[in-house]
Amino acid sequence: MSADTPQTLRPGDYYFTPEGLMVFTEQYHRRRGSCCKNACRHCPWGFGSKKKTASQGLKTS
């Protein structure tokens, strides 16, 4: 299915934050099939990922 084609939402495709924002899950993004380059929270392709590593100051225990 093309990335431009709207996807039918399925259970587990999204959730709402306490602020009321709708967040798509990795499940939805993988079914969509391509990165939209919007730095989505659950992007399985890592676009816009700003996760810190141990060398960048992440505290490890």
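Preceding this paragraph is the structure being described.
Overview of the structure. Bear in mind that the values here come from a model prediction, so they are computed numbers and not experimental data.

Overview of the overall build of the protein chain
Item 1. Scanning the protein chain from terminus to terminus reveals one helix and two strands.
Item 2. Reading the protein chain from its N end, one meets helices and strands in the order β-β-α.
Item 3. In the protein chain, which comprises 61 residues, the share counted as buried stands at 15%.
Item 4. The long-range fraction of contacts in the protein chain, counting pairs at least 24 apart against all pairs at least 6 apart in sequence, stands at 14%.
Item 5. Total accessible area on the protein chain stands at roughly 5100 Å², and carbon and sulfur atoms take up 53% of it.

Overview of unusual backbone geometry
Working note: non-glycine residues mostly have negative phi, and peptide bonds are mostly trans.
Item 1. The backbone of Lys 37 sits at a positive phi, close to 60°, despite the residue not being glycine.
Item 2. Relative to the elements of secondary structure, Lys 37 occurs in the segment after helix 1 (26-32).

A few points about the pattern of salt bridges
Oppositely charged side chains may form a pair once their charged atoms are brought near each other.
Item 1. A complete count under the given rule lists two salt bridges for this structure.
Item 2. Arg 30 is the partner of Glu 26 in a salt bridge, and the nearest nitrogen-oxygen pair spans 2.8 Å. Taken together, the residues span about one helical turn, with Glu 26 and Arg 30 both in helix 1 at a distance of four residues.

Re the packing of aromatic side chains
Item 1. One pass over the full model with this rule turns up two aromatic pairs.
Item 2. Ring geometry for Tyr 14 and Phe 16: centres 5.7 Å apart, planes at 85°, overall edge-to-face.
Item 3. Of the residues examined, Phe 16 reaches a relative accessible area of 52% and is grouped as exposed.
Item 4. Judged by centre distance (4.3 Å) and plane angle (20°), the rings of Phe 24 and Tyr 28 are stacked.
Item 5. Overall, Phe 24 belongs to the partly exposed group, its relative accessible area being 29%.
Item 6. In this structure Tyr 28 comes out as buried when scored by relative accessible area, which is 10%.

Basis of the calculations
- Residues numbered from 1 in each chain as written.
- Predicted model: local features only at pLDDT ≥ 70, side-chain atom pairs only at ≥ 80, totals over all residues.
- Heavy atoms only, no water.
- Helix = DSSP H or I, 4+ residues; strand = E, 2+ residues; numbered from the N terminus.
- Buried < 20%, exposed > 50% of the residue type's maximum accessible area, 1.4 Å probe, protein only.
- Contact = heavy atoms within 4.5 Å.
- Areas by Shrake-Rupley, 256 points an atom, 1.4 Å probe, with all protein chains shown as cover.
- Salt bridge = Lys/Arg side-chain N within 4 Å of Asp/Glu carboxyl O.
- Phe/Tyr/Trp six-rings, centres within 6.5 Å; stacked < 30°, edge-to-face > 60°.

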